[in-house]
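A closer look at the structure
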Amino acid sequence: VQLQASGGGRAQAGGYLRVSCVVSGRTFEIITMGWFRQTPEKEREFVAAITWVGGSPYYADSVKGRFTVSRDRAENTVLLQMNALKPEDTAVYYCAADTSLEGRVISEKSYDYWGQGTEVTVSS
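Note that the structure is a prediction, hence the values are computed from the model and not measured.

A short note on the overall build of the protein
Along the protein, the regular secondary structure elements total 0 helices and 11 strands. In sequence order, the protein lays out its α and β elements as β-β-β-β-β-β-β-β-β-β-β. Relative to the 2.2 N^0.38 estimate, which gives 14 Å for 124 residues, the radius of gyration of the protein is 13 Å and therefore close to what a compact globule would have. For the protein, the spread of C-alpha atoms along the principal axes amounts to about 40 × 30 × 25 Å. Looking at the 124 residues of the protein, the share that counts as buried comes to 44%. Considering only contacts in the protein between residues 6 or more positions apart, those separated by 24 or more positions represent 54%.

Focus: the sheet that holds strand β8 (residues 77-82)
Pairing in this open sheet of 4 strands is antiparallel, and the strands run β1-β3-β8-β7 from one edge to the other. Each edge of the open sheet is held by one strand with a lone partner, namely β1 (2-7) and β7 (67-72). Across the sheet, the mean angle separating the axes of adjacent strands is 15° when strand polarity is ignored. Pairing geometry for β1 and strand β3 (residues 17-24), over 6 bridges, is antiparallel.

Thoughts on the packing of aromatic side chains
What the rule picks out here adds up to 4 aromatic pairs. Residues F36 and F46 carry aromatic rings whose centres are separated by 5.7 Å and whose planes lie at 75° to one another, so their mutual orientation is edge-to-face. With F36 in strand β4 (residues 32-38) and F46 in strand β5 (residues 45-51), this pair connects stretches of sequence that are 10 residues apart. Looking at F36, the relative accessible area reads 1%, which means it is buried.

A closer look at the pairing of β4
Judged by how many residues are buried, β4 sits mostly within the fold: 6 of 7 residues are covered. Bridge count for β4 against β5 is 6 bridges, and the pairing is antiparallel. By the bridge assignment, G34 is partnered in β5 with A49. A loop of 6 residues connects β4 with β5, the two strands running antiparallel in sequence. Where β4 and strand β9 (residues 91-98) come together, 7 bridges link them in antiparallel fashion. Residue Q38 lies in a different strand from β9, and its bridge partner there is V92.

Observations regarding the environment of T121
Along the chain, the position of T121 falls in strand β11 (residues 118-123). On a C-alpha basis, the gap between T121 and A91 in space is 6.6 Å, while along the polypeptide they are 30 residues apart. Not counting residues within four places of it along the chain, the set of residues in contact with T121 comprises G9, R10, A11 and T90.

Topic: the side chain of S110
Among the structural elements, S110 can be located in the loop between β9 and β10 (113-114). In this view, S110 contacts D98, S100, E102, G103 and R104; residues no more than four positions away in its chain are not counted.

Procedures and definitions
- Residues numbered from 1 in each chain as written.
- Predicted model: local features only at pLDDT ≥ 70, side-chain atom pairs only at ≥ 80, totals over all residues.
- Heavy atoms only, no water.
- Helix = DSSP H or I, 4+ residues; strand = E, 2+ residues; numbered from the N terminus.
- Rg over C-alpha atoms; globule rule 2.2 N^0.38 Å.
- Buried < 20%, exposed > 50% of the residue type's maximum accessible area, 1.4 Å probe, protein only.
- Contact = heavy atoms within 4.5 Å.
- Pairing = 2+ DSSP bridges.
- Axes fitted to C-alpha atoms, helices over the stretch in contact; angles between N-to-C directions.
- Phe/Tyr/Trp six-rings, centres within 6.5 Å; stacked < 30°, edge-to-face > 60°.

Written out as structure tokens, the structure reads:
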């Protein structure tokens, strides 16, 4: 499974951005797609996830109500729409694929494949 993240960029606080992740390869093995983010000061943290077949979303409390995760299986794409952005949302965002159904969706250790990351910067 290969993941290619794109989008992101810069926005003002209160604004919006969208990051996307195109998935290729053995997509039929995917159980859950996740989004994580990381800054130099913090460990990588869970942002959101969605089950590949059922489309059930999961969100970190810090983004609930502001971010929306979705997937288009026909296009093999996962989207993270980020609204009402805050400066603390500034990070490098990574998409990840879980193909083994081991562990929890919020744990980065549960994911087997990772994209290269895309940068999001929110200014106040």
